[in-house]
Amino acid sequence: MSEINWDKLGFDAYRTRTVVLSHYKDGKWSPVETTENFSFTLDPFAQVFHYAISCFEGLKTFRQKDGRIAIFRPDQNAARMQRTAKFLGIPAPDKDLFIKMCTLCVQNNLEFLPPYGHQASLYLRPMLFGVHPQMQLVPYPEAYFAVICAPAGSYYGEHLKSFAGVIPGNYDRAAPKGSGSYKIGANYAATFKPYKTAHDQGYTELLYLNSGTREFIDEFGSSNFFAIKGNKYITPLSDSVLPSITNKTLQEVAADFGMEVEKRPVRVEELADFDEAAACGTAVVITPMSHIDIKPVLEEDKVEKSYRFMPDGEVGEVCTKLYKRITGIQFGELEDTHGWCYHIEEK
Ligand code: PLP
Ligand code: COI
């Protein structure tokens, strides 16, 4: 294994040592397999290829200050995967199996767990997908559940720095009463093209509005949205938004700081009133927005409106405070009063 530069890690498909795998068939999960084989052999008719019967989770493992290893809130990811699997009509691992396989994945890839002190973690990617060969549009109780991992640093290349976001007037993320609140691969497929266009124009993130009336803020393509106004932490209430575990955590952290937490529909025009605005999620942690532009047509030059929160690259006081608290707990530097860190043995 070549030396890993722990300080230079991004968010990449980094090849580690083992994959942890189980196959649900004939009413039960197969014995958990830990394999160095990074290939799946599937029937070309498998549901996943044609009908995108596929979902995933994302969670991080930290080497803490005292040397212990902690996975952050895996019970929450297990519950969210069960909810998503129900939507897709495939079997899901129960909480114990989910956490057991995540734990095994860390234990069997320990050399890829970043040491304490590098602002990096081991990102776990549990994935669940339908493998039954079929043409009919009906659920079938067969699936692969695999956990893979990758050492991860900053999603956007730099920690705690503000970036530009854009609201694309000609793209939606999720239909009303559709799949937006589930962590299915198909939700992300629709973002690849607008992401490429936005990145080419210097924007880092896409902020989507509610598809029905386009009056309210939903979320970013990769993460939830929150804003700070005075002593308030404000985040959208919408059926089409993924229930983010980071956002849920930050709401509790904000409440611990004595802030008022508002979870409610957020009108686009309110962007003008916010002191700070940011993306939050496992991969992006907290990524503040320097400004957010509204473009009626993403591919065209016209910017209808621009909302500025921070000079480019700078970060507001509250986002900094929230970031320090959540990462401080994750790295074991601050007391974990809510019991969010799930400690595992080395082997
Ligand atoms: N929204 C979307 C679309 C995401 O992909 C993610 C990432 O998981 C989030 C929100 C944040 O969720 P979490 O904080 O659970 O990672
Ligand atoms: C995560 O934050 O874990 C994610 O899954 C985001 C990813 C889609 C960029």
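Residues numbered from 1 in each chain as written. Chains lettered and ligands numbered in written order. Predicted model: local features only at pLDDT ≥ 70, side-chain atom pairs only at ≥ 80, totals over all residues.

### Some points on helix α2 (residues 74–88)
In step 1: Along its 15 residues, α2 runs 21 Å from first to last C-alpha, staying within 8% of the 21 Å computed at 1.5 Å per residue.
In step 2: Three or more residues of α2 are buried, namely P74, N77, A78, R80, M81, T84, A85 and L88. For α2, the angular spread of buried residues about the axis comes to 165°, placing them on one side.
In step 3: Phi turns positive one or two residues past the end of α2, at G89, with a value near 80°. (Helix = DSSP H or I, 4+ residues; strand = E, 2+ residues; numbered from the N terminus. Expected span 1.5 Å × (residues − 1). Buried ≥ 20, exposed ≤ 12 C-beta atoms within 10 Å, placed from the backbone. Arc of directions from axis to C-beta.)

### Considering the site of ligand 1
In step 1: Around ligand 1 sit G58, E219, S222, S223, N224, L242, S244, I245, T246, N247, G281 and T282, and those are all the residues in its vicinity.
In step 2: Residue contributions to the shell around ligand 1 peak at 3 residues, all from helix α6 (residues 245–256).
In step 3: Of the residues contributing to the shell around ligand 1, the split by class is 2 nonpolar, 9 polar and 1 charged. (Near = placed C-beta within 6 Å. Nonpolar A, V, L, I, M, F, W, Y, C, P; charged D, E, K, R; others polar.)

### Re the domain arrangement of the protein chain
In step 1: Taken domain by domain, the protein chain consists of domain 1 (6–152) and domain 2 (163–315).
In step 2: Between domain 1 and domain 2, the C-alpha centre-to-centre distance is 26 Å.
In step 3: Listed per partner, the contact involves 16 residues of domain 1 and 10 residues of domain 2.
In step 4: The element contributing the most residues to the side of domain 1 that touches domain 2 is α2, with 6 residues.
In step 5: When the residues that make up the side of domain 1 that touches domain 2 are grouped by side-chain class, the tally is 7 nonpolar, 5 polar and 4 charged. (Domains from an automatic or database assignment. Contact = placed C-beta atoms within 7 Å.)

### A closer look at the site of ligand 2
In step 1: Around ligand 2, the surrounding shell consists of G58, Y188, S222, G281, T282 and A283.
In step 2: Considered class by class, the residues forming the shell around ligand 2 number 2 nonpolar, 4 polar and no charged.

### Side note on the nonpolar core
In step 1: In terms of nonpolar packing, the biggest core is built from 91 residues, with L128, A146, L207 and L322 touching the most fellow members.
In step 2: With 8 residues, the single largest contributor to this core is strand β8 (residues 143–152).
In step 3: In contact with A146, other than residues within four places in its own chain, are V19, V20, L21 and M127. (Core = buried A, V, L, I, M, F, W, Y, C linked by C-beta atoms within 7 Å.)

### Notes on the pairing of strand β16 (residues 285–295)
In step 1: Most of β16 is tucked away: 8 of the 11 residues are buried.
In step 2: Sheet topology places strand β15 (residues 276–281) next to β16; 4 bridges connect them, and they run antiparallel. Bridging from a neighbouring strand, G281 pairs with V285 of β16.
In step 3: Hairpin connection, β15 to β16: the antiparallel pair is bridged by 3 residues.
In step 4: Inspection of the sheet shows β16 paired to strand β17 (residues 305–308) by 4 bridges, in the antiparallel sense. (Pairing = 2+ DSSP bridges.)

### Quick word on the environment of G185
In step 1: Among the secondary structure elements, G185 is positioned in helix α4 (residues 185–189).
In step 2: On the basis of neighbour counts, which here come to 15 C-beta atoms within 10 Å, the residue G185 falls in the partly exposed class.
In step 3: In this structure the C-alpha to C-alpha distance between G185 and P133, which are 52 residues apart in sequence, comes to 19 Å.

### As for the packing of α2 against helix α3 (residues 95–107)
In step 1: Taken N-terminus to C-terminus, the directions of α2 and α3 make an angle of 125°; their axes are 9 Å apart at the nearest point. Here α2 is positioned oblique relative to α3, judged by the angle of their axes. Of the two elements, α2 crosses α3, and the hand of that crossing is right-handed. Within the contact between the two elements, α2 uses P74, D75, A78 and M81 and α3 uses K95, F98, I99 and C102. (Axes fitted to C-alpha atoms, helices over the stretch in contact; angles between N-to-C directions. Parallel < 35°, antiparallel > 145°, perpendicular 65-115°, else oblique. Left-handed = near helix turned anticlockwise from the far one by under 90°.)

### Brief notes about helix α7 (residues 317–330)
In step 1: Given a rise of 1.5 Å per residue, 14 residues ought to cover 20 Å, and the 20 Å separating the end C-alpha atoms of α7 matches this to within 8%.
In step 2: Every buried residue belonging to α7 is among V318, C319, L322, Y323, I326, I329 and Q330, and all of these are buried. Buried residues in α7, looked at end-on, bunch into an arc of 140°, giving them a common side.
In step 3: A positive backbone phi angle near 70° is found at G332, which sits one or two residues after α7.

### A word on the packing of α6 against α7
In step 1: Between α6 and α7, the shortest axis-to-axis distance is 10 Å and the interhelical angle comes to 110°. The angle between the axes of α6 and α7 places the two elements in the roughly perpendicular class. Seen from above, α6 lies across α7 with right-handed handedness. Contact residues: T249, L250, V253 and A254 in α6; L322, R325 and I326 in α7.
In step 2: Here the contact of α6 with α7 is built from residues that sort into 5 nonpolar, 1 polar and 1 charged.

### Thoughts on unusual backbone geometry
Comment: phi is negative for the bulk of residues other than glycine, and the bulk of peptide bonds are trans.
In step 1: For R73, which is not a glycine, the phi torsion comes out positive at approximately 50°.
In step 2: Secondary-structure assignment places R73 in the loop between β6 (69–72) and α2.
In step 3: The residue V285 is not glycine, and still its phi comes out positive at about 55°.
In step 4: With respect to the element layout, V285 can be found in strand β16.

### Focus: the environment of P44
In step 1: Position of P44 among the secondary structure elements: in the loop between β3 (33–35) and α1 (47–51).
In step 2: The class of P44 is exposed, set by 7 C-beta atoms lying within 10 Å.
In step 3: Taking C-alpha positions, P44 is 9.2 Å from V131, a pair spaced 87 residues apart along the chain.

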